Amino acid sequence: MFLSAFMVVLIVIVHLSASKIALLNPLPRRKWLSLFGGISVAFVFLHIIPELSDMQESLNEKLLPPFFENDLFVLSMCGILLFYGVERGVIHYREGYSTKDEPVEEQTVFWSHVGIFALFNSIIGYYLHTELRVDDISSFLTLLALCFHLLIIDYSLLLHHDKMYDKAGRWVMTISVLTGWIIGTVFTIPDYISYILFALLSGAIIVNSFKEELPEEKESNYVFFLIGASVYTILWII
């Protein structure tokens, strides 16, 4: 419990100081985006997908016969469609309905956008307490990847909403991860519910990894992406 609490505190610090970290980073934006992108994509393939596969195998053993052999992978795909669809909908709503005479209601766009990521964050908080495999280096690497992943999400939300996110959004993200962790601490949720939540979380992490952390060609730096992915992979193998 102590380790999971420590990890949640670090994630809270990331959220509360994201705007300051982005300004203080000595690397140009395209380089640190690519570096963090390499780490996050490696995390998807080295941790998220294998963990999802293990959970699916466990679920198949407990349900006789299983309803469907790849339930969790289907749910992960649903997570991809949900998180990507909501965010794209928010952005298109702003671009499509905002005019000089009738500006879009920024509060609606802001709370819709932050709300979907608050849900994402609460599942992360829950996952840190209930599903994380605690074995020193693995836990550290998981925390490292999640912090970089969430920092990129914070940066993206800051670009979209600027002062509104800095004033209110980062606090919503902080409260949501704490809420998820507290729920995991207080309540015992059946394994299959935990697996479902992780499947949805994995879909969100996958889509955000490729959407936010693989920047457009003109903004990317392959060398830094390669460094991030290679170093994280080597550490994970060791």
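The structure under discussion appears in the preceding block.
Residues numbered from 1 in each chain as written. Predicted model: local features only at pLDDT ≥ 70, side-chain atom pairs only at ≥ 80, totals over all residues. Heavy atoms only, no water.

Trainee: Explain the pattern of salt bridges here, please?
Mentor: Think of it this way: side chains of opposite charge can pair up when their charged atoms draw near. A full pass over the atoms with the stated rule returns one salt bridge. Ionic pairing is found between aspartate 166 and arginine 170, a salt bridge with its closest N-O pair at 3.4 Å. Of the two residues, aspartate 166 and arginine 170 both sit in helix α6 (residues 163-186), four residues apart, roughly one turn of that helix. Given the relative accessible area of 25%, aspartate 166 is considered partly exposed. Exposure remark for arginine 170: the relative accessible area of 15% places this residue in the buried category. (Salt bridge = Lys/Arg side-chain N within 4 Å of Asp/Glu carboxyl O. Helix = DSSP H or I, 4+ residues; strand = E, 2+ residues; numbered from the N terminus. Buried < 20%, exposed > 50% of the residue type's maximum accessible area, 1.4 Å probe, protein only.)

Trainee: Could you clarify how one ought to interpret the packing of aromatic side chains in this entry?
Mentor: Aromatic rings considered in pairs are described by the distance between their centres and by the relative angle of their planes. Here the structure, examined in full by the defined rule, presents seven aromatic pairs. Judged by centre distance (4.8 Å) and plane angle (70 degrees), the rings of phenylalanine 110 and tryptophan 111 are edge-to-face. Residue classification places phenylalanine 110 among the buried residues on the basis of a relative accessible area of 1%. Owing to a relative accessible area of 42%, tryptophan 111 belongs among the partly exposed residues under this scheme. Between phenylalanine 117 and phenylalanine 120, the ring centres sit 6.3 Å apart and the planes meet at 85 degrees, which makes this aromatic pair edge-to-face. Here phenylalanine 117 and its partner phenylalanine 120 are both found in helix α4 (residues 106-130), three residues apart, which amounts to about one turn of the helix. Chaining the aromatic ring pairs together yields one cluster made of Phe43, Tyr232 and Trp236. (Phe/Tyr/Trp six-rings, centres within 6.5 Å; stacked < 30°, edge-to-face > 60°.)

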